[in-house]
Amino acid sequence: YFCAFCPIPLARGRSRSNSIAATVAQAREIAATDVKEVVLTGVNIGDFGRDSGEDFLGLIKALDQVEGIARFRISSIEPNLLSNEIIDFVARSKRFVPHFHIPLQSGDDEILKGMRRKYLTSLYTDRISHIRKAMPDAAIGVDVICGYPGEDEASFLRTYNYLNQLDISYLHVFTYSERPNTVAYRRDDHIPMEVRRARSKQLQILSEKKKRHFYHSQVGKKFTVLFESGDEAGGMKGFTDNYLKIQTDYHPEWLNSLKQVEALTVTPDGEMKVSILSEELEIA
């Protein structure tokens, strides 16, 4: 996409994709190792297959049949390409986890138009609502840019208030920075850097509030955790399928294992304490 702020298309060109068959073959090679989680990534993964007649929904349906991988996680996907069909498939999938990261960039429709984004906030709201109906406990992350050229105080407040009322789990906050050879770079209404940084701080605080609220909403529920690291000082750490960061007592033999847990409490540093409910889970 040729968004007004982004130089990536100048460097990478238009979308081009691997095939479903080749991607599935790569996944099967990974399944033969001890890897238990795979993240699908790319410059614009929702655009998968546009150059070949395939599509992203077909890809994830094929990957869902690959045995030996416990989890597939979808990385950042554009809201206009995250169809309700994709959301519904993830909701009933055997392997795709309930976690979405969906770029918004602004909660003000006029700023979105100036950015050359391919959606408005009404579509974004519909996508979040559909996820929440299909997967009430899903993690939903949001990219947002603050201080974009032309973002006056009223525009920023519309973004802040929109995000504040949206049922999401966390934000990735980016302070706008100029990139040569982009449309935004040539504008004459750039926002002072000290204003951009102040707005970034406000959104980062909002993100912490959203994350803490999401974590507290999950206390008492049961999840599967993949333990990814650990040491005697910090204990074992890992992530649930819906992207809660887990901390528990140190057991080095749990490294790279899947266990069912119950969420007990949220720690002061924003991790979830759990109790272990099962031995290592088998991967289908």
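Structure shown above.
A. Structural view of the overall build of the protein chain. Tallying secondary structure elements over the protein chain gives eight helices and 10 strands in all. At 20 Å, the protein chain has a C-alpha radius of gyration in line with the 19 Å of a compact globule built from 284 residues. If you line up the protein chain on its principal axes, its C-alpha atoms span 60 × 45 × 35 Å. Across the 284 residues in the protein chain, those meeting the buried criterion constitute 48%. Restricting to contacts in the protein chain with at least 6 residues of sequence separation, those with at least 24 account for 71%. For the protein chain, the separation between the mean place of its 37 positive charges and that of its 39 negative charges on side chains is 4 Å.

B. Local environment of the packing of helix α7 (residues 153–165) against helix α8 (residues 193–217). Running from N to C, α7 and α8 point in directions that differ by 10 degrees, and their axes come no closer than 11 Å. As summarised for this structure, α7 and α8 are arranged roughly parallel, according to the angle between their axes. Residue-level contacts link Glu153, Phe156, Tyr160, Leu163, Asn164 and Gln165 of α7 to Arg199, Gln202, Leu203, Leu206 and Lys210 of α8. The residue makeup of the contact of α7 with α8, split by class, is five nonpolar, three polar and three charged.

C. Structural view of the sheet that holds strand β7 (residues 235–240). Taken together, the five strands give a closed barrel; going around it, the order is β6-β7-β8-β10-β9, and neighbouring strands pair in mixed fashion. Within the sheet, the average angular offset between the axes of one strand and its neighbour, ignoring direction, is 55 degrees. With five bridges joining them, strand β6 (residues 222–231) and strand β9 (residues 258–266) adopt antiparallel strand pairing. Considered in β9, the bridge of Val225 is made with Lys259.

D. Just the sheet that holds strand β4 (residues 139–146), in detail. Taken in spatial order, the three strands of this open sheet run β3-β4-β5, and their pairing is parallel. Looking at the sheet topology across the chains shown, the edges are occupied by β3 (99–105) and β5 (170–175). Along the sheet, successive strands turn relative to each other by an average axial angle of 20 degrees, direction set aside. Of the pairings in the sheet, the one linking β4 to β5 comprises six bridges and is parallel in character. Within the sheet, the bridge partner assigned to Val142 lies in β5 and is Leu171. Across the sheet, helix α6 (residues 121–134) lies against β3 and β4, angled at about 165 degrees from β3, the strand it touches most.

About the thresholds
- Residues numbered from 1 in each chain as written.
- Predicted model: local features only at pLDDT ≥ 70, side-chain atom pairs only at ≥ 80, totals over all residues.
- Heavy atoms only, no water.
- Helix = DSSP H or I, 4+ residues; strand = E, 2+ residues; numbered from the N terminus.
- Rg over C-alpha atoms; globule rule 2.2 N^0.38 Å.
- Buried < 20%, exposed > 50% of the residue type's maximum accessible area, 1.4 Å probe, protein only.
- Contact = heavy atoms within 4.5 Å.
- Lys, Arg positive; Asp, Glu negative; His and termini not counted.
- Charge placed at Lys NZ, Arg CZ, Asp CG, Glu CD.
- Axes fitted to C-alpha atoms, helices over the stretch in contact; angles between N-to-C directions.
- Parallel < 35°, antiparallel > 145°, perpendicular 65-115°, else oblique.
- Nonpolar A, V, L, I, M, F, W, Y, C, P; charged D, E, K, R; others polar.
- Pairing = 2+ DSSP bridges.

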